[in-house]
Structures are given as C-alpha cells and as structure tokens.
Amino acid sequence: MALIPSQILRVAILLSYFSILCHYKALDMPAHQTYGGSWKFLTFINLVIQAVFFGVCVLIDVSSLLTKGGDNREQERQLRKLISLRDWMMAVLAFPVGAFVVFTFWSLYLYDRELVYPKLLDNFIPQWLNHGMHTTVLPFIIIEMRTTHHRYPSRSWGLAAVCFFGLGYILWTCWVHQVTGVWVYPVLERIAPLARVVFFGAMTVVICVFYVLGEILNSYIWDQPHTDKVKGE
C-alpha cells in the first residue's frame, strides 16, 4: 500500500504548479514585456502543459469518485474520454516536453550558463523557483507514470505528434526573431545560421528520443510481471 494515495500526490503537484506559475508571472522581467511575453519560452509553455495535465488527472480522480458505483453510461463514456486525453497528454506532451526541458536546460547550464540562463537572471528568479521550473518537473512526471498506467498511441502517431509540437515551437521561435530581431535563447545568437538549422534538427531528435524513452519506461513499469509485483507491495 502506498504511503501517500496517488490522488493526494496529484493534487499536491497541481497546487505546486499553480504556485510556480503565479510566482513566475509576478516576476518583473524585461523579457516578459517584449513580443510574445512568457509564451516565447519553452519553460513557461512546459509549465502550462504540466499544470493542465495534472489538472486533467485530478478531474479524472474526482469524476471517478463521484461516479463510483453508478451505472450512468454517459458519465462512463465522458470519463473514458478524459482518460484518453490524459494518456495522450502524458505520452506526447507531459513526459517528452518535460524531460526535454530538464535535460537541455541543465546540459547547457553546466556547459555555459550564459547560453541559456545568464547570471543576470539570478537578480529576478530565486533559486527555488528556478528548480521548480527546471528540476522538479521530471520527478513529478515520473511519479505520475509510476502510480498510473497510461496507454500510449502507436509509436508512429506519437512521434508525428511530438515532431509537430517541436516544429511548431521552432517556427514560433523564428517568428519572434523575425519580429524583434532577437533570439529567445542566447545560444541561438552565438551560432551561425547553418549551425542553427543543425541545432534545431538535433533538438527535434532529442525530444523524439524522450518520447521513445517514456514509452519504454511506461512499458517497463506496467508490464505484467512487474505490475503483479507492484500490486503485491
């Protein structure tokens, strides 16, 4: 039996994302006042994705509790739709985008923080908020994967959806540069145009790798022998 019910964990995680988003939006940062505002940063987009995802998870928990023992087929049908949405969001957005943000941010930060998170930002963003945006995302989503079985779409459709998201964000980044003349991330300012194309292609490959890793991890956690062991704990 789990020490903390998964439903309570989801509520706690959802509230933590609300807190992080509220504190982030309250920051008086020059970048938030320019074209695109917070929405030009993948970190912020990811926080919104995670908050919406866990919001759907909590809604499913509440709906399941309210309809438990009932025989209303329409309610069951709506609940199944919510579960399908939850599983799709986990597979295509929550896990691959969340893992991508954590991996790329800390990789670039450790190599040269000025490429992604200039020291100047320490004057605006406290350390706890930085970790809330770039660190705790991954353990939160792994906790959700560990406590709930999620059905993944076919790999081809899943990868297509992830690539569509990645391409959309790349085009959005290029459009922001077209309008403002400034790249969203310092690393893009420091490399040549051809290198940017290679960089964008490499990042698309990385997020696809995280999709496959999420699928493999989900299968490992919830395959039959391991599932029986988990249930027996």
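Residues numbered from 1 in each chain as written. Predicted model: local features only at pLDDT ≥ 70, side-chain atom pairs only at ≥ 80, totals over all residues. Heavy atoms only, no water.

Colleague: I keep staring at the pattern of salt bridges and nothing clicks. Help me out?
Modeller: Here the idea is simple: oppositely charged side chains can pair when their charged atoms come close. Applying the stated criterion to the full structure yields seven salt bridges. Between R10 and E144 there is a salt bridge, with its nearest N and O atoms 2.8 Å apart. Taken together, the residues span a long stretch of sequence, with R10 in helix α1 (residues 6-25) and E144 in helix α5 (residues 137-147) at a distance of 134 residues. Take E144: its relative accessible area is 1%, and that puts it in the buried class. With a shortest N-O distance of 3.0 Å, R86 and D87 are connected by a salt bridge. (Salt bridge = Lys/Arg side-chain N within 4 Å of Asp/Glu carboxyl O. Helix = DSSP H or I, 4+ residues; strand = E, 2+ residues; numbered from the N terminus. Buried < 20%, exposed > 50% of the residue type's maximum accessible area, 1.4 Å probe, protein only.)

Colleague: Mind showing me how you'd approach the packing of helix α6 (residues 155-180) against helix α8 (residues 193-222) here?
Modeller: To characterise two packed helices, one gives the angle between the axes of the helices and the distance between these axes. Where α6 meets α8, the axes come as close as 10 Å, and the angle between the chain directions of the two elements is 145°. Like other packed secondary-structure pairs, α6 and α8 cross with a definite hand, here right-handed. For the pair α6 and α8, contact is made by R155, G158, L159, V162, C163, F165, I170 and C174 and by F200, T204, I207, C208, Y211, V212 and E215, respectively. Here the contact of α6 with α8 is composed, by residue class, of 11 nonpolar, two polar and two charged. (Axes fitted to C-alpha atoms, helices over the stretch in contact; angles between N-to-C directions. Left-handed = near helix turned anticlockwise from the far one by under 90°. Contact = heavy atoms within 4.5 Å. Nonpolar A, V, L, I, M, F, W, Y, C, P; charged D, E, K, R; others polar.)

Colleague: Is there a simple way to explain the side chain of R86 in this structure?
Modeller: Structurally, R86 is set in helix α3 (residues 73-112). For R86, the contacting residues outside a window of four places in its chain are F53, V56, C57, I60, E144, T148, H149 and H150.

Colleague: What should I look at first to understand the environment of V101 in this one?
Modeller: By the secondary structure assignment, V101 is in helix α3. On the accessibility criterion, V101 (3% relative accessible area) is buried. In this structure, the C-alpha to C-alpha distance between V101 and S156, residues 55 residues apart in sequence, is 22 Å. Contact partners of V101, with chain neighbours within four places excluded, come to L42, T43, N46, M133 and H134.

Colleague: Which parts of the structure should I look at to understand the confidence of the model for the protein?
Modeller: Regions with low pLDDT should not have their predicted coordinates read in detail. For the protein, per-residue confidence averages 90 on the pLDDT scale, and 93% of positions sit at 70 or higher. The low-confidence segment residues 229-233, where pLDDT is below 50, has three contacts with residues more than four positions distant or belonging to other chains. (pLDDT = per-residue confidence, 0-100.)

Colleague: Teacher, can you tell me more about the nonpolar core here?
Modeller: What tends to happen in soluble globular proteins is that the nonpolar side chains get buried as a cluster. Core analysis: the biggest nonpolar cluster contains 67 residues, and Y17, L42, F53 and Y185 have the highest contact counts within it. At the level of elements, α1, α2 (42-67), α3, α4 (127-134), α5, α6, α7 (186-189) and α8 are the ones that each hand at least two residues to this core. Of the residues forming this core, the biggest block, 16 residues, is contributed by α3. (Core = buried A, V, L, I, M, F, W, Y, C linked by side-chain atoms within 4.5 Å.)

Colleague: Looking at this structure, how should I read α4?
Modeller: Given 3.6 residues to a turn, an α-helix orients residues that are three or four positions apart in the same direction. For α4, the full list of buried residues reads L129, N130, G132, M133 and H134. Residues of α4 that are buried in the fold lie against α1, α2, α3 and α5.

Colleague: What's the story with the packing of aromatic side chains in this structure? I'm lost.
Modeller: Aromatic ring pairs are reported here in terms of the distance separating the ring centres and the angle at which the planes meet. Under the counting rule described, the total for this entry stands at 16 aromatic pairs. Here the aromatic rings of F105 and Y117 are separated by 5.5 Å at their centres, their planes lie at 85°, and the arrangement is edge-to-face. Of this pair, F105 sits in helix α3 while Y117 sits in the loop between α3 and α4, and the two are 12 residues apart along the sequence. According to the relative accessible area criterion, F105 is buried, its value standing at 5%. Its relative accessible area of 3% is what places Y117 among the buried residues. (Phe/Tyr/Trp six-rings, centres within 6.5 Å; stacked < 30°, edge-to-face > 60°.)

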